[in-house]
Amino acid sequence: QRASLRIPPSAEQVHRLFAGWRQDLVSCRKFAPTARNFAAARLMADVGIRINKTRSLDLANIKWDLGRFGKLHVRKGKGSRGSGPRERMVPLINDAGRTMGGYVEDVWGHFGDNHDRPSAPLFPSERKNTDSSAARISSETLRAALAEAAVRHLPDWPDRLTPHVL
């Protein structure tokens, strides 16, 4: 099996993807899940966080008052050379703070969870836990949403767009 080089989309292609996806929010059938998926993908693209770290974030992991832009407390970070997960703080650069601010203010509440709950997921699922709190979104849901948006807004992209390439 040969290793293949994965070249990320150009800045113009990424801009076109998110501009088209943002337009979808105006007329989509289910606003909250579409906006949640958009915000999660935008966060992955803006700060370079991986999909499993993104889905593991809690609402409380956004530290608005740290640094110039705010920071994300990534609790389940990737360790180096088998050392295990490492926590880290990731700055909300490239307008990620603005994206997350709009998402938390305008979208997060549609999922019906309590913002004071210590482990409330930043990106909740429409499904509920047994205690009626919002469940955490799956990585498959995020992957499928990105792939669908890429088909619609990047038809010239030669391969399937994955979160890692994004």
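Notes on the structure in this doc start here.

About the thresholds
Residues numbered from 1 in each chain as written. Predicted model: local features only at pLDDT ≥ 70, side-chain atom pairs only at ≥ 80, totals over all residues. Heavy atoms only, no water. Core = buried A, V, L, I, M, F, W, Y, C linked by side-chain atoms within 4.5 Å. Buried < 20%, exposed > 50% of the residue type's maximum accessible area, 1.4 Å probe, protein only. Helix = DSSP H or I, 4+ residues; strand = E, 2+ residues; numbered from the N terminus. Contact = heavy atoms within 4.5 Å. Axes fitted to C-alpha atoms, helices over the stretch in contact; angles between N-to-C directions. Parallel < 35°, antiparallel > 145°, perpendicular 65-115°, else oblique. Left-handed = near helix turned anticlockwise from the far one by under 90°. Nonpolar A, V, L, I, M, F, W, Y, C, P; charged D, E, K, R; others polar. Phe/Tyr/Trp six-rings, centres within 6.5 Å; stacked < 30°, edge-to-face > 60°. Lys NZ or Arg CZ within 6 Å of the ring centre and 35° of its normal.

1. Focus: the nonpolar core
For soluble globular proteins, the rule of thumb is that nonpolar side chains tend to be buried together. Counting residues in hydrophobic clusters, the biggest one holds 43 residues, and the most contacted among them are Leu 17, Leu 43, Leu 72 and Phe 123. For this core, the secondary-structure elements that each account for two or more residues are α1 (11-27), α2 (31-47), β2 (71-77), α4 (96-106) and α5 (139-153). The element contributing the most residues to this core is α2, with 9 residues. In contact with Phe 123, not counting residues within four places along its chain, are Arg 36, Ala 39, Ala 40, Leu 43, Thr 54, Leu 57, Met 100, Tyr 103, Arg 136 and Ile 137.

2. Some words on unusual backbone geometry
Although it is not a glycine, Asn 94 adopts a positive phi angle of roughly 55°. Tracing the backbone shows Asn 94 in the loop between β3 (86-91) and α4. In this structure, Ser 132 is a non-glycine residue whose phi angle is positive, near 75°. Here Ser 132 lies in the loop between β4 (124-128) and β5 (134-136).

3. Some details on the packing of α2 against α4
At a minimum axis separation of 10 Å, α2 and α4 run at an interaxial angle of 160°. By the angle class used here, α2 and α4 are roughly antiparallel. Crossing geometry of α2 relative to α4 is assigned as left-handed. Here Phe 31, Ala 35, Arg 36, Ala 39, Arg 42, Leu 43, Asp 46 and Val 47 of α2 lie close against α4, whose contacting residues are Ala 96, Thr 99, Met 100, Tyr 103 and Asp 106. Among the residues forming the contact of α2 with α4, the class breakdown is 8 nonpolar, 1 polar and 4 charged.

4. Re the packing of aromatic side chains
Summed over the entire model, instances satisfying the criterion amount to 4 aromatic pairs. Between Phe 18 and Phe 38, the ring centres sit 5.6 Å apart and the planes meet at 80°, which makes this aromatic pair edge-to-face. Residue Phe 18 is found in helix α1, and its partner Phe 38 is found in helix α2; the two are separated by 20 residues along the sequence. Phe 38 shares its class with Phe 18; the two are buried. Here Trp 21 and Phe 38 contribute two aromatic rings whose centre-to-centre distance is 5.8 Å and whose plane-to-plane angle is 85°, an arrangement assigned as edge-to-face. A residue pair is termed long-range when its members are at least 10 positions apart, and Trp 21 in helix α1 and Phe 38 in helix α2 qualify at 17 residues. Neither Trp 21 nor Phe 38 differs from the other in exposure class; each is buried. In textbook terms, an aromatic cluster arises when at least three aromatic residues are bridged by ring pairs, as seen for Phe 18, Trp 21 and Phe 38. If you follow Arg 42 out to its NZ or CZ, it ends over the ring of Phe 18, 4.2 Å from the centre.

5. Some remarks on the side chain of Arg 42
The topology assignment puts Arg 42 in helix α2. The class for Arg 42 is buried, based on a relative accessible area of 17%. For Arg 42, the contacting residues outside a window of four places in its chain are Phe 18, Arg 22 and Thr 99.

Note that every value here comes from positions in space, so none of it alone points to a role or purpose.
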